[in-house]
Every structure is written in C-alpha cells, then in structure tokens.
Amino acid sequence: MFAKSLTMGNYEAWTENRCYGLRIPSKVVSKMLGLCRVVPDTETGGILVGYYNRSRDCAVVTECSGAPRDSRRGKNFFYRGVHGLQCWLSSLWNLGQRRYYLGEWHFHPFAKPDPSNTDLRQMRINAEDKSYHCPEVLMFIIGGDPNAEWTCRSFVYSRQEGLIELGRSWERNRVRA
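Residues numbered from 1 in each chain as written. Predicted model: local features only at pLDDT ≥ 70, side-chain atom pairs only at ≥ 80, totals over all residues. Heavy atoms only, no water.

Okay, the nonpolar core next. Most often, soluble globular proteins have nonpolar side chains that are buried together. Core analysis: the largest hydrophobic core is formed by 25 residues, its most contacted members being Leu22, Ile24, Met32, Leu48 and Phe140. Listing elements by their share of this core, those giving two or more residues are strand E1 (10-14), strand E2 (21-24), helix H1 (26-38), strand E4 (58-64), strand E7 (100-109), strand E8 (136-144), strand E9 (150-158) and strand E10 (162-171). Here the element with the most residues in this core is H1; it accounts for 5 residues. Not counting chain neighbours up to four residues away, the residues in contact with Leu48 comprise Met32, Val61, Glu63, Cys64, Tyr100, Tyr101, Leu102, Gly103, Glu104, Trp105, Leu138 and Phe140. Counting 14 residues, the second-largest nonpolar core is a separate cluster that includes Tyr101, Met123, Ala127 and Met139. (Core = buried A, V, L, I, M, F, W, Y, C linked by side-chain atoms within 4.5 Å. Buried < 20%, exposed > 50% of the residue type's maximum accessible area, 1.4 Å probe, protein only. Helix = DSSP H or I, 4+ residues; strand = E, 2+ residues; numbered from the N terminus. Contact = heavy atoms within 4.5 Å.)

In structure tokens:
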C-alpha cells in the first residue's frame, strides 16, 4: 500500500486472529516521516511509546522518538542509541495516563519496508530482555521516499509466538467543519 503523507489518516493494523493490534495516529506517522525527510537517503528511527487499550490486545502509540544522538546510521543500517531515552520515558510514565515503551520504528530509504535479519534479531533481543518490560515488541518500518510515495509494514515479536506481521488499514482523517 502506498500513501501520500498529505492524505494519510490514522494507521491501524491487526493480526489475522485479532490477538495483537496497533494504532498510530496520523500525527505520529507524520512526525516519523518528517524525521525521515531530514536525511532522506539514510536510515533513521527511534522508539514507539504509548499504552494498551482496556482489553490489552491493541497497542496505541501516542509518541515516537527520533534517533538518539548516539545512534549510528548509514544508507543500509541503523543502530538506535539510548542517549536521553530513559529520561524521556520516565517523564512520559509520570503523566496522568502512563506511557511506556512499545517498540521500535525505522526507515528504509528508497527501499521496501521489509525487516532485515538485524531487525528481526533486535526485536527478539528486546522482547526477551526483561529490562524493557515489553514481552511483545512492535516494529513499524517505513520504506520508500518520505517526500513522495512510501509504504509501511508493522510486526509484533512475541516471546511465545515469534514474529507476526500485522495486516494494515488507513482510516481517513475526518475533517471537522
């Protein structure tokens, strides 16, 4: 699915059995695309932050970070750093409605949003690392040209089930008069 950033709505994706879901408001996707536009020929990324719905089957992303300054990146690689993330996460946790780490996002410039072996290994490591407090890590990958046509894919890595792709759909933004 290709989308133009100017016409995009909210992103929602679910596993076929609807055990795992993901919702990302258009403003968060727009922020990610803006971060991709800064260096459109270099991989970039960050973390996804938010909460789970009441039935705990859908992660709702409310924020995304950019690449911490200790990240390493190039045309075909991105290693997310950690500088400043703990302080930011702590401040979000202390808000009235607690927010926490849900997973990772990153950008594959002028390429398909397919997870690399490195991406898959990192998802598994993060899901199994108890310090993340996240047994089901999300990954949202944007691929293509952030200034024109791009596409995305999302995944969850479960400690019990391994990698699962989420099917996707876009909800059109509602225009309020």
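To continue, consider the pairing of strand E3 (residues 44-52). If a strand is regular, its side chains alternate between the two faces of the sheet. Most of E3 sits inside the fold, with 7 of its 9 residues counted as buried. Two elements, E3 and E7, share 7 bridges in a ladder whose sense is antiparallel. Across the sheet, residue Val49 finds its bridge partner in E7, namely Tyr101. Sheet topology note: the E3/E4 ladder contains 5 bridges and is antiparallel. Residue pairing across strands places Leu48 opposite Cys64, the latter belonging to E4. (Pairing = 2+ DSSP bridges.)

Looking now at helix H2 (residues 85-93). Residues of H2 that are buried: Leu85, Leu89 and Leu92. One side of H2 holds all its buried residues, which, seen down the axis, span an arc of 60 degrees. What points out from H2, more than 90 degrees from its buried face, is the exposed set Gln86 and Cys87. The elements touched by buried residues of H2 are E3 and E7. (Arc of directions from axis to C-beta.)

Take the confidence of the model for the protein chain next. When pLDDT is averaged across the protein chain, the result is 88; 89% of the residues are at 70 or more. Residue range residues 1-7 is modelled with pLDDT below 50. Its contacts to residues more than four positions away, or to other chains, number 18 contacts. (pLDDT = per-residue confidence, 0-100.)

Below, the discussion takes up unusual backbone geometry. Of note in this structure, Arg18 is not a glycine but carries a positive phi near 60 degrees. Judged by its relative accessible area of 48%, Arg18 is partly exposed. Positive phi outside glycine occurs at Arg56, with the angle close to 60 degrees. The residue Arg56 is located in the loop between E3 and E4 in this model. Look at Arg56 and you get exposed, because its relative accessible area is 58%.

Take the pairing of E4 next. Here E4 lies mainly inside the structure; 6 of its 7 residues are buried. When E2 meets E4, the two strands line up parallel, connected through 3 bridges. Within E4, the residue paired with Gly21 across the bridge is Cys58. Here E3 folds back onto E4 in antiparallel fashion, the turn holding 5 residues, of which Arg56 has a positive phi close to 60 degrees.

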